[in-house]
Amino acid sequence: MKFLEYLAKIDRRIIYLILVISIIIPLIKPLNLPVGTSHPVKSLFDFIEKQPEGAVILLSVDYDASVYPECHPMARAIARHVLSKNLRLICLTLNPAGTGLALEIITQIPNEYNKKYGEDYVFLGFRPDITATILGLGEDIRKIFPYDYFGNKTDTLKIFKDVKNYDNIALVVSISGSALPVSWIYLARGRYGQDIAAGVTAVMAADYYPYLRTGQFVGLLGGMKGAAEYEKLINKKELATSGMDAISISHILIIIFVIIGNIGYIFVLKRRKK
Amino acid sequence: MKFLIYFLFLWNFKVYDTPYDAGGEITIEWEWPTQIKDKRADSVIIWRKKEGEEFKKIKKLVTIQNFYKDSGLKNNEKYFYKITIYYKDKIFESEKILFAIPKEQYFHLGRLNIMIGAFLFVGFILFFISRAKRGISLFLRKIPGLDAVEEAIGRATEMGRPILYIPGLSGVSDVATIASLNILSHVVKKAASYETSIIVPNRDPVVYLIAREVVKEALSLAGRPDLFDPDSVYYVTDSQFGYASAVCGIMVREKPATNFFLGMFWAESLILAETGATTGAIQIAGTDAVTQLPFFITACDYTLIGEELYAASAYLSREPVLVSTIRAQDMMKAIIWIIIFLSGIFGIFGKMPFNFIFGG
Amino acid sequence: MLQKQVPMFICFLMGLLLFFQFYIPASWSQNFYNTILRWILGISSFAIVLGVVSLIRHHLRKIRKKEDLPYSITLIFSIFATTLIGFIGGIKSGTLFDKIFNYIQIPLQSSMFAILAFYMASAAYRAFRARNVEATLLLLSAFVVMIGVIGIGDLIHPFVPSFAQWILDVPNLAAKRGIAIGVGLGIIATSIKIILGIERNWLGR
């Protein structure tokens, strides 16, 4: 009976320990739990999938390290998808802390597909004034970014021979842990009719569904689940898929702890009534 | 390739001065020809000219949107437009050439409803203030979180431990922060009467400056300016999680008996609340960040939900003038509630008669 | 008296001007608004200097009193060392400053965010008790949503993820919107009180 009482007040350190072990195991040995495909993620995938060869996708890395586990896998999966389909990738960031994260994508992923810098992909770096940058991209990208991140004159890069502004960009994908995707809608889509898609954290995804329903977003990736779904669609399972195993286990564990806590609580209540 | 050419009728194509702007912009709007099934043309060319000039192509659009705003124009000058739509092997040209004159507007008629709503609100506030000044008392329901403030301060005094007050992580432009600073004043005055110390770490440097003055002045008003310790109110860092870890460190080292989390919070809310719970402090939280409320409710003893944070100043002081503003809020809420209810009823029959109120 | 009246007058004047600016789209109105925004940026920049000075003084005092010595020494050393490294070596990619950011700051930030997972588990265990009908409903909804957002929900029954999404889209969103309406009115009321000088506690009075 003391054991049942104890269930209502398990030391939190035991909870943390069990959680740590159950999260580490699937990261080391993936369980390959099934990942579904939701409509918002499929919409974005289909949109990129149907683009003709050579079409340009602009990837805006608008997040920082604090949301890395949720947002970075999304950015990687989209970069992979774009380059594997022989589309062209323009990468930039509107978050100063996003530069290093975007650089990681740009230096790793294109090499897997033998892509040439300046021709198939380019990294423009960071620009501080969000409104001026998003609006300026609708007029002339090279005026906003006269040099790319590595100091090359954008005038001399082959990719900009036929890419001037949003008219030549098929899709802008903003991956963000803040409200930046909404700025893209107001400024790029509102003024220039540019198609926009977003990848945001799970907590924020619910706030963006109205934009998805009205068609202002072409697609939406929500949290690590959205990233895992996209990885499944491009057949390249990475961080998000292994992370989803850990999330699934931790969700089940929390439910078990809550049930255990309630069993102990009900027993303690009954004992008090007696 | 043989092209088939159709003409758009005049009413399908509109050109007008963009309303409610600083001038210099004209909006060109068109309806998609019925032959374009998915409302997505291959391209839309916008042509423009001034009087006596030739037409020039100013924009090529590849978009599903059926409008374009031509900006950077000179006010009070005539601009002429025509459009050409390309779709598969068809070309659609506007039959007529239309013109518009960009002008600067001095009043945003589209925001008139907001102005009326604001004046109505101010009217209610002034009405209820006049009632309060005539001595008519106004009922306020109990807010347990605010009733517990005195008890929480008393607890800190008994235990001989300080009070920790977090005025949120946002800047002073966020109204929640100002509401929090208003409550800080009350808390400091009460704490002064018990000679209980208060620690106020800040994330924003402007908020730090204001919080310092609030604490100093509140102690002066309470007749205890000697209790002011400049070390008790300080700036920590503007990094979100850096601030959270600094506050957690304060909670674990100083072991405050009472924690106040009042203002705007983001993801760090649960970190702060849980760490405070482990130290055994009594915790009163209040935020208007809807996404963080569940975390505060689970981890804190009392939570002020949304507008209760804004009502706190009136509730604690019970000044009739402040209480009357809460009554004005309730009147506006009642009006919104009636509109929502009636809209729901009409909506069942497919009518939306109240859309104009909200600019729809 | 001036200490009280002047700030209140400035608050009233600027509040009124910016209230009417919102309804005037003319270019001079937009210029006025942009000027105010630039002034706000300028004033905030000075405030950062004062804030950092306050932080350093606070920790120097602690070092003198020998309170929490290791933490205060670490903080003072980190502030000055990072600043010097930035000035001397630059802040571009590959510099020591950049490495400090990538290999110290970023992992620390991510770790603090990661701690949330553990706190959520312990908070859920402690707080999700079926004390009454409402708490039980909350508990059951939480179970459905937690199962619905992971792959196992699909395995149990395809209805589970849809029901979880319905809970998020309908009752959850309705409550959020209700709170948001109240918050909106509260913000307006507080702003009007401050502009009209009815609420003066932010001045410390």
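Only a predicted model underlies this, so the values are computations on that prediction, with no experimental measurement involved. (Residues numbered from 1 in each chain as written. Chains lettered and ligands numbered in written order. Predicted model: local features only at pLDDT ≥ 70, side-chain atom pairs only at ≥ 80, totals over all residues.)

K.L.:
Account for the overall build of chain C, naming residues and giving values.
P.N.:
Tallying secondary structure elements over chain C gives seven helices and zero strands in all. Each helix and strand of chain C, ordered N terminal to C terminal, gives the series α-α-α-α-α-α-α. A compact globule built from 205 residues should have a C-alpha radius of gyration of about 17 Å, whereas chain C, at 26 Å, is more than 25% larger. Expressed as lengths along the three principal axes of its C-alpha atoms, the size of chain C is roughly 65 × 50 × 40 Å. Burial analysis of chain C (205 residues in total) assigns 23% to the buried set. Considering only contacts in chain C between residues 6 or more positions apart, those separated by 24 or more positions represent 17%. (Helix = DSSP H or I, 4+ residues; strand = E, 2+ residues; numbered from the N terminus. Rg over C-alpha atoms; globule rule 2.2 N^0.38 Å. Buried ≥ 20, exposed ≤ 12 C-beta atoms within 10 Å, placed from the backbone. Contact = placed C-beta atoms within 7 Å.)

K.L.:
How would you summarise the overall build of chain A if you had to cite specific residues and measurements?
P.N.:
Looking only at helices and strands, one finds eleven helices and six strands in chain A. By its C-alpha atoms, chain A is 80 × 35 × 30 Å across when sized along the principal axes. Counting the 274 residues in chain A, one finds 48% classified as buried.

K.L.:
Break down the interface of chain A and chain C for me, citing the residues and quoting the values.
P.N.:
Every contact between the two is made by 27 residues of chain A and, on the other side, 27 residues of chain C. Every element with two or more residues in the side of chain A that touches chain C is listed here: α2 (12-28), α5 (98-112) and α11 (239-273) of chain A. Per element, the largest residue contribution to the side of chain A that touches chain C is twelve residues, and it comes from α11(A). In terms of residue class, the side of chain A that touches chain C is made up of 17 nonpolar, eight polar and two charged. (Nonpolar A, V, L, I, M, F, W, Y, C, P; charged D, E, K, R; others polar.)

K.L.:
Residue-level account of the confidence of the model for chain C, with values.
P.N.:
Residues and elements named next belong to chain C. When pLDDT is averaged along chain C, the result is 88, and 99% of the positions lie at 70 or above. Within chain C, the lowest mean pLDDT, 82, falls on helix α6 (residues 151-156), and the highest, 94, falls on helix α3 (residues 69-89). The ipTM assigned to the predicted complex is 0.87, against a pTM of 0.82. (pLDDT = per-residue confidence, 0-100.)

K.L.:
Run through the packing of helix α4 (residues 68-84) of chain A against α5(A), naming residues and quoting values.
P.N.:
Residues and elements named next belong to chain A. It is the contact of α4 with α5, at a shortest axis distance of 10 Å, that shows an interaxial angle of 35°. Considering the relative orientation of α4 and α5, their crossing is right-handed. Contacts from Y68, H72, A75, R76, A79, R80 and L83 in α4 reach L101, I105, I109 and P110 in α5. Split by residue class, the contact of α4 with α5 holds eight nonpolar, one polar and two charged. (Axes fitted to C-alpha atoms, helices over the stretch in contact; angles between N-to-C directions. Left-handed = near helix turned anticlockwise from the far one by under 90°.)

K.L.:
Could you give an account of helix α2 (residues 144-159) of chain B, naming the residues involved and the relevant values?
P.N.:
Residues and elements named next belong to chain B. With 16 residues, α2 should cover 22 Å at 1.5 Å per step; its first-to-last C-alpha distance of 22 Å lies within 8% of that length. Every buried residue of α2 is accounted for by G145, L146, V149, A152, I153 and A156. On its buried face, α2 sits against β10 (163-166), α3 (175-194), β13 (258-262), β14 (282-287), β15 (302-305) and α8 (307-317). (Expected span 1.5 Å × (residues − 1).)

K.L.:
How would you sum up the sheet that holds strand β3 (residues 26-30) of chain B? Please name residues and give values.
P.N.:
Residue and element names in this part refer to chain B. Strand order in the open sheet made by the three strands is β2-β3-β6, with antiparallel pairing throughout. Each end of this open sheet is capped by a strand with a single partner; those strands are β2 (13-17) and β6 (67-70). Sheet twist, expressed as the average angle between the axes of neighbouring strands with direction ignored, equals 15°. As judged from the five bridges shared by β2 and β3, these two strands associate in the antiparallel manner. If you follow D17 over to β3, its bridge partner there is I26. (Pairing = 2+ DSSP bridges.)

K.L.:
So what's going on with the interface of chain C and chain B? Which residues, and what values?
P.N.:
Each side of the interface is counted separately: chain C has 50 residues, and chain B has 62 residues. Elements with a contribution of two residues or more to the side of chain C that touches chain B: α2 (27-64), α4 (96-127) and α7 (159-195) of chain C. It is α7(C) that contributes the most residues to the side of chain C that touches chain B, 16 residues altogether. A breakdown of the residues in the side of chain C that touches chain B according to their chemical character gives 30 nonpolar, 14 polar and six charged.

K.L.:
Describe the sheet that holds strand β12 (residues 233-235) of chain B, naming the residues involved and giving the relevant values.
P.N.:
Residue and element names in this part refer to chain B. Strand order in the open sheet made by the six strands is β12-β11-β10-β13-β14-β15, with parallel pairing throughout. Every interior strand has two partners, whereas the edge strands, β12 and β15, have only one. For this sheet the average axis-to-axis angle between neighbouring strands, irrespective of direction, equals 15°. Here strand β11 (residues 198-202) pairs with β12 via three bridges, running parallel. The residue bridging V200 from the neighbouring strand is V233, located in β12.

K.L.:
So what's going on with the domain arrangement of chain C? Which residues, and what values?
P.N.:
Residues and elements named next belong to chain C. Domain boundaries assigned for chain C yield domain 1 (1-89), domain 2 (90-116) and domain 3 (128-205). Taking the mean C-alpha position of each, domain 1 and domain 2 sit 24 Å from one another. Counting from both sides, the interface comprises four residues of domain 1 and, opposite them, six residues of domain 2. (Domains from an automatic or database assignment.)

K.L.:
Summarise the nonpolar core; cite the residues concerned and give the values.
P.N.:
The biggest cluster of nonpolar side chains holds 194 residues, and the ones touching the most others in it are I57(A), L59(A), L89(A), C91(A), A211(B) and A273(B). A total of eleven residues in this core trace back to one element, the largest contributor, which is α3(B). Ignoring sequence-local partners within four residues, the contact set of L89(A) consists of I57(A), L59(A), A79(A), V82(A), L83(A) and Y121(A). (Core = buried A, V, L, I, M, F, W, Y, C linked by C-beta atoms within 7 Å.)

K.L.:
Report on the environment of T99(A), specifying residues and quantitative values.
P.N.:
Residues and elements named next belong to chain A. Tracing the backbone through its elements, the reader meets T99 in helix α5. Through-space distance from the C-alpha of T99 to that of A55 is 24 Å; in sequence the pair is 44 residues apart. Contacts of T99, omitting those with residues within four sequence positions, involve T93, G125 and F126.

K.L.:
Could you give me a rundown of the pairing of strand β4 (residues 171-176) of chain A, with the residues and numbers involved?
P.N.:
Residue and element names in this part refer to chain A. The element β4 is extensively covered by neighbouring structure, given that six of its six residues are classed as buried. Of the two faces of β4, both are covered, the one formed by L171, V173 and I175 as well as the one formed by V172, S174 and S176. In this sheet, β4 lies alongside strand β1 (residues 56-62) in parallel orientation, the contact comprising six bridges. Residue pairing for β4: S60 is matched across the bridge by S174. Across four bridges, β4 lies against strand β5 (residues 196-200) in parallel orientation. Considered in β5, the bridge of V172 is made with I196. Taken together, β4, helix α8 (residues 180-192) and β5 constitute a β-α-β crossover, and its handedness is right-handed. (Right-handed = clockwise from strand over helix to strand, strands pointing away.)

K.L.:
Outline unusual backbone geometry, listing residues and values.
P.N.:
Residue and element names in this part refer to chain B. Positive phi, normally seen in glycine, also occurs at Y20, with a value near 55°. Within the secondary structure layout, Y20 lies in the loop between β2 and β3. You will see that K88, though not glycine, has its phi angle at about 55°, which is positive. Looking at the element boundaries, K88 is found in the loop between β7 (79-87) and β8 (90-94).

K.L.:
Pulling in residues and values, what's your account of the domain arrangement of chain A?
P.N.:
The domain boundaries assigned to chain A delineate domain 1 (2-29 + 249-273) and domain 2 (39-237). Between the C-alpha centres of domain 1 of chain A and domain 2 of chain A there is a distance of 42 Å.

K.L.:
Explain helix α4 (residues 205-221) of chain B to me, using residue names and the numbers behind them.
P.N.:
Compared with the 24 Å implied by 1.5 Å per residue over 17 residues, the 24 Å span of α4(B) between its first and last C-alpha is a close match. In terms of burial, α4(B) is largely enclosed, as twelve of its 17 residues are buried. Those residues of α4(B) not exposed but buried are P205(B), V206(B), V207(B), Y208(B), I210(B), A211(B), R212(B), V214(B), V215(B), E217(B), A218(B) and L219(B). Of the surrounding elements, those touching the buried residues of α4(B) are α3, β11 and β12 of chain B together with α2 of chain C. One or two steps after α4(B), the chain reaches G223(B), where phi turns positive at roughly 80°.

K.L.:
With reference to specific residues and values, describe the environment of V15(B).
P.N.:
Residue and element names in this part refer to chain B. Of note, V15 is situated in strand β2. A count of 21 C-beta atoms within 10 Å places V15 in the buried class. Separated by 207 residues in sequence, V15 and A222 place their C-alpha atoms 66 Å apart. Apart from residues lying up to four places away in sequence, V15 is in contact with I26, I28, Y81, L98, F99 and A100.

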